[in-house]
Amino acid sequence: MSYGIVAIGESLGESVEVTDSVIEEYTTNHETVRSWGYRRFRRAEDGVLLTDLAVQACEQALKEAAVDAAEVDLVVLAIADFAEYLCWDAAAAVQGRIGAVNAEAILVNQACCSGVMAFDTAAGRFATHENYRHALIVASNRICDTYQNRMETSTSVLSDGAVAALVRRGHDRGRWLATETISDGRYANFFRMDVGGTAHPFGVDGAGDKDDLQKQANPLGRVAEILGNDARRMLEFFNKFGGNMRVAVDRVCARTGIAPGEIKRFLHLNDNQQAMADIAKVLDVPLERFNGDLALDLGHFGSADQMLGLHRLTQAGELQDGDIVALTTLGGGMHWAVTLLRI
């Protein structure tokens, strides 16, 4: 079973320069944000929500591929965290809005790994449904400022946008080769929000104001507490960030018979410049083969970084037919994932 990318569409928020005055809107930690190296990020207009961005990206991909929405057999929506509503299937909403009346809809919601893992989800459906010919893999991110602070929630500047890939069974360009995922549920609690679920609903015991929500959404502040301030356990956890990424890359290369040195570009999540350099070092790959410079011009789009990087590098002519590209990521769960594509 094989499938490849026919066309990619994107829909991004407005470009915002990372100036001192903009940083001041979000945090007083100017020095920290400046050290990350971001030059710009994308911020959607008020009223433009996650599925709005996803629908626009899908429609652009369909138009570019000259494929009618009714010809789509599968819609896979990848998100990092929140959609517009609770108890609501955002994937089905996208399917309905674009008019993909014959398509199955699947939601993948596994933090920043969702977009990379979604390629494996599509591969599985193609393998078990021989009649499926076209699928839309779309990753969308829209920050909810009540829950997250664009410059304090993580070590990235967070952006709004969506990217959609129209893929076709048997298509030879942008061909999916394999996906490898490592999961370690011992660290599941680092990225959770304690308020809002059935364990602690909004409004109980006065919880749920904006400051409370943003504070509990910062996983970095939870690590020491959850690991009992044990330096050894903390070191083990942080070493896994790069170590498991290396294991995932080695495994996917072994499965496909492709040597790591054959990979032309690594499209990692749009992390800060030091984190990107650290991953490059662990993978023993020159930093220039990563998407670091592109990341600093765009910000972090949750699960959409890798497909966006793929689209931008292809448009720029930096990827040629036959090049091997690795989409790499890590995120809450915890998960580490890599998808290999042949351009």
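Conventions and cut-offs
- Residues numbered from 1 in each chain as written.
- Predicted model: local features only at pLDDT ≥ 70, side-chain atom pairs only at ≥ 80, totals over all residues.
- Heavy atoms only, no water.
- Buried < 20%, exposed > 50% of the residue type's maximum accessible area, 1.4 Å probe, protein only.
- Helix = DSSP H or I, 4+ residues; strand = E, 2+ residues; numbered from the N terminus.
- Salt bridge = Lys/Arg side-chain N within 4 Å of Asp/Glu carboxyl O.
- Arc of directions from axis to C-beta.
- Polar contact = N/O pair within 3.5 Å; in protein donor to acceptor, adjacent residues only side chain to side chain.
- Phe/Tyr/Trp six-rings, centres within 6.5 Å; stacked < 30°, edge-to-face > 60°.
- Axes fitted to C-alpha atoms, helices over the stretch in contact; angles between N-to-C directions.
- Parallel < 35°, antiparallel > 145°, perpendicular 65-115°, else oblique.
- Left-handed = near helix turned anticlockwise from the far one by under 90°.
- Contact = heavy atoms within 4.5 Å.
- Nonpolar A, V, L, I, M, F, W, Y, C, P; charged D, E, K, R; others polar.

Draft legend 1. Inspection of helix α11 (residues 305-315) at higher detail. Of all 11 residues in α11, eight are buried, a share of seventy percent or more. Those residues of α11 that fall on the buried side of the exposure criterion are D305, Q306, M307, L308, G309, L310, H311 and L313. Just downstream of α11, G317 is the residue with a positive phi angle, here 75 degrees.

Draft legend 2. The pattern of salt bridges, seen in detail. Overall, the coordinates contain 20 salt bridges when judged by the stated rule. Among the ionic pairs, D323 bridges to K264, the shortest N-O distance being 3.3 Å. Of this pair, D323 sits in the loop between α11 and β10 (324-331) while K264 is found in strand β9 (residues 263-267), placing the two residues 59 residues apart along the sequence. D323 gets classed as buried once you look at its relative accessible area, which sits at 14%. The partner of R265 in a salt bridge is E318, with the nearest N and O atoms 3.0 Å apart. Here R265, found in strand β9, pairs with E318, found in the loop between α11 and β10; they are 53 residues apart in sequence, far enough to count as distant. Overall, E318 belongs to the partly exposed group, its relative accessible area being 38%. The network of salt bridges with common partners includes R39, R40, D293 and D297.

Draft legend 3. Structural context of helix α9 (residues 273-283). Within the sequence span of α9, burial applies to A275, M276, I279, A280 and L283. The buried residues of α9 all sit within an arc of 140 degrees when viewed along its axis, so they share a single face. The backbone nitrogen of Q274 has a side-chain oxygen 3.0 Å away, supplied by the residue at the start of α9, namely N272. D284 occupies a position one or two residues after α9 and carries a positive phi of about 60 degrees.

Draft legend 4. Up close: the packing of aromatic side chains. Counted according to the given criterion, the structure contains seven aromatic pairs. On the numbers, 5.1 Å between centres and 85 degrees between planes, the contact of Y85 with W88 is edge-to-face. Since its relative accessible area comes to 31%, W88 is described here as partly exposed. For the ring pair F266 and F290, a centre distance of 5.3 Å and an interplane angle of 15 degrees mean the geometry is stacked. Placement of the pair is F266 in strand β9 and F290 in the loop between α9 and α10 (292-298), with a sequence separation of 24 residues. Overall, the relative accessible area of 2% leaves F290 in the buried class. Within the aromatic cluster, the residues linked to one another by ring pairs are Y3, F126 and W176.

Draft legend 5. Expanded view of the packing of helix α3 (residues 50-65) against helix α4 (residues 90-98). Contact pair α3 / α4: the axes reach a minimum separation of 10 Å and the direction vectors enclose 45 degrees. Between α3 and α4, the angle is such that the two are oblique. Regarding α3 and α4, the two cross each other, and that crossing is right-handed. In this structure, α3 uses T51, D52, A54, V55, C58 and E59 to contact α4, whose residues at the interface are A90, V94, R97 and I98. Of the residues in the contact of α3 with α4, the class split is six nonpolar, one polar and three charged.

Draft legend 6. Local environment of unusual backbone geometry. Here G333 and M334 are connected by a cis peptide whose omega angle stands at -15 degrees. Looking at where M334 falls in the secondary structure, it is placed in the loop between β10 and β11 (335-342). A positive phi angle is found at A111, which is not glycine, with a value near 55 degrees. The phi angle at D284 is positive, at roughly 60 degrees, despite the residue not being glycine. Along the polypeptide, D284 turns up in the loop between α9 and α10.

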